[in-house]
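Chains, contacts and geometry: an overview
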Amino acid sequence: FLIDLDLGIKETRREASGARGKTGTRALMAIGALLGEQHSFMHDLESILWVLFRTCIHYNGLNQKRVIPQFDK
């Protein structure tokens, strides 16, 4: 469920914003972003991969949630 699309605006920048903090769900963030690399579209694609992975391992189908303890750590 995405809740911040209303904040999505086109911003012209030559480099990253310089924000010091990282926000988001760590389990769904790109590894490079967590290590402090310069943000790129590949980080966004990797995050989508993690969301799909998490969805696939935690659901068997519609309304059939399952818990996998190894991945919840």
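As a reminder, the structure under discussion sits directly above these lines.
Worth saying up front: this structure is predicted, and the values here are computed from it rather than measured.

Thresholds applied
- Residues numbered from 1 in each chain as written.
- Predicted model: local features only at pLDDT ≥ 70, side-chain atom pairs only at ≥ 80, totals over all residues.
- Heavy atoms only, no water.
- Helix = DSSP H or I, 4+ residues; strand = E, 2+ residues; numbered from the N terminus.
- Buried < 20%, exposed > 50% of the residue type's maximum accessible area, 1.4 Å probe, protein only.
- Contact = heavy atoms within 4.5 Å.
- Expected span 1.5 Å × (residues − 1).
- Arc of directions from axis to C-beta.
- Patch = residues over 30% accessible without salt bridge, like charges linked within 9 Å, V, L, I, M, F, W, Y side chains within 5 Å.
- Areas by Shrake-Rupley, 256 points an atom, 1.4 Å probe, with all protein chains shown as cover.
- Salt bridge = Lys/Arg side-chain N within 4 Å of Asp/Glu carboxyl O.
- Phe/Tyr/Trp six-rings, centres within 6.5 Å; stacked < 30°, edge-to-face > 60°.

Check the secondary structure of the protein and you find three helices and zero strands. If you list the helices and strands of the protein from N to C, you get α-α-α. The proportion of buried residues among the 73 residues of the protein is 11%. The long-range share in the protein, meaning contacts at least 24 apart out of those at least 6 apart in sequence, stands at 2%.

A word on helix 2 (residues 41-58). Two residues of an α-helix separated by three or four positions point the same way, owing to the 3.6 residues in each turn. For helix 2, which comprises 18 residues, the first-to-last C-alpha distance of 26 Å matches the rise-based estimate of 26 Å (1.5 Å per residue) to within 8%. Looking only at helix 2, the buried set comprises His43, Ile57 and His58. In an axial view of helix 2, the angular spread of the buried residues amounts to 90°, which keeps them on one side of the axis. Turned more than 90 degrees from where helix 2 packs its buried face, Phe41, Ile48, Leu49, Leu52 and Cys56 sit exposed.

Take a nonpolar patch on the surface next. A cluster of nonpolar side chains, namely Phe41, Met42, Leu45, Ile48 and Leu52, defines an oily patch on the protein surface of about 540 Å² accessible area. With respect to the helices, strands and loops of the structure, Phe41 is situated in helix 2. The class for Phe41 is exposed, based on a relative accessible area of 58%.

We now examine the environment of Met29. Looking at the secondary structure, you find Met29 in the segment before helix 1 (31-34). Linking Met29 and Ser47, residues 18 residues apart in sequence, is a C-alpha distance of 5.2 Å. Aside from chain neighbours lying at most four places away, what touches Met29 is Lys22, Thr23, Gly24, Leu34, Ser47 and Trp50.

The final tally for this structure, using the stated rule, is one aromatic pair. Taking the centre distance of 6.0 Å and the plane angle of 85° together, the rings of Trp50 and Phe53 count as edge-to-face. Pair noted here: Trp50 and Phe53 are both in helix 2, with a separation of three residues, about one helical turn. The exposure class of Trp50 is partly exposed, given its relative accessible area of 27%.

Interpretation in functional terms is not warranted from these geometric data alone.
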